[in-house]
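# Structural overview
Chain by chain, the residues run as shown.
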Amino acid sequence: MAETDWNPWRRLLALPNESRAKTIIVAFLVSAVCAVMVSGATVILRPIQTANRAAEEQARISDLVRGIPGMSGLLDASGGTLSTVVIDLDTGRAAPGVTAETLQAALADQANWTPLSAGQDIAGLAQRPNYAQIFLLREGDDISLVLLPVTGQGYGGRFDAMLALHGDMNTIAGIAITQHAETPGLGGRIEDPSWQESFPGTLIRDDSGEVRFKVARGDATTEYEVDGITGATRTGTGFTRMMQFWLGPDGYGPLLDAIARGEF
């Protein structure tokens, strides 16, 4: 009996089941044990949950990019891991506090757009967003491919495209036209696979860093040119200006320089 007196656990068990004190203490102990188990499970499962979220995001990004005509085969050939990041176009670095999920809300604020002077606005945009979502294909620590959304003014209206550059940030890997308002049979031929197939291997800048890319008026004669479109000179000119803007200092120029230097 003496042993029961000094052992709290045995004294608790010796209480009648109708005892209010026993009920409260047992309920408290059960709650405490459950809390410890839940906390432990959370700690153990957190890495798995994080990995699952990352996998879901990776699949979402991959599906988004592969839905762009012509990009699926390019990604399959390149291999690596596809990811996305929102960049600050002024710095060419990741935009602090802006993600793919919050990008549209950020761009709804007119303060996050930069007016372009007449000399800057060669693409006919009037203003440029401060942030842009880009896609990166990495092989280990190296960026092997970057996908850049570009937009400009053509002869019939605005056109949008997704430009893919190899890891040297100077060689075009491919291009996909995602929207345009050009005349069918003339400027509308920019969406023809046969024309887009002339882009891979074309260089965009010379050794001095000057953007040299151009849609030729006929057949391409330099490594910086792609073939022109017969009967659609104005479309070609608009396309040239779009590319020169976005690949220059007011577009993705700072980003391309940072990646080329291995600083991204």
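Because the structure is predicted, anything quoted here is derived from the model rather than measured.

Another point: the pattern of salt bridges. Inspection of the entire model under this criterion finds 6 salt bridges. Taking the shortest distance from any N to any O, the salt bridge between Arg-158 and Asp-160 comes out at 2.8 Å. Residue class for Arg-158 comes out partly exposed when judged on its relative accessible area of 46%. Taking the shortest distance from any N to any O, the salt bridge between Arg-205 and Asp-257 comes out at 3.2 Å. Of this pair, Arg-205 sits in the loop between α6 (193–196) and β9 (214–215) while Asp-257 sits in helix α8 (residues 253–260), and the two are 52 residues apart along the sequence. On the basis of relative accessible area, Arg-205 is assigned to the buried category, the value being 12%. On the accessibility criterion, Asp-257 (31% relative accessible area) is partly exposed. Connected via shared salt-bridge partners are Arg-93, Arg-261 and Glu-263.

The geometry of an aromatic ring pair comes down to the distance between the two centres and the angle between the two planes. Going through the model one piece at a time under the given rule, you end up with 7 aromatic pairs. Judged by centre distance (5.8 Å) and plane angle (65°), the rings of Phe-199 and Phe-239 are edge-to-face. Of this pair, Phe-199 sits in the loop between α6 and β9 while Phe-239 is found in helix α7 (residues 233–246), placing the two residues 40 residues apart along the sequence. Here Phe-199 and Phe-239 have matching classes, each one buried. Grouped by ring-pair contacts, the aromatic residues Phe-159, Trp-195, Phe-199, Phe-213 and Phe-239 constitute a single cluster.

Rules used throughout
- Residues numbered from 1 in each chain as written.
- Predicted model: local features only at pLDDT ≥ 70, side-chain atom pairs only at ≥ 80, totals over all residues.
- Heavy atoms only, no water.
- Salt bridge = Lys/Arg side-chain N within 4 Å of Asp/Glu carboxyl O.
- Buried < 20%, exposed > 50% of the residue type's maximum accessible area, 1.4 Å probe, protein only.
- Helix = DSSP H or I, 4+ residues; strand = E, 2+ residues; numbered from the N terminus.
- Phe/Tyr/Trp six-rings, centres within 6.5 Å; stacked < 30°, edge-to-face > 60°.

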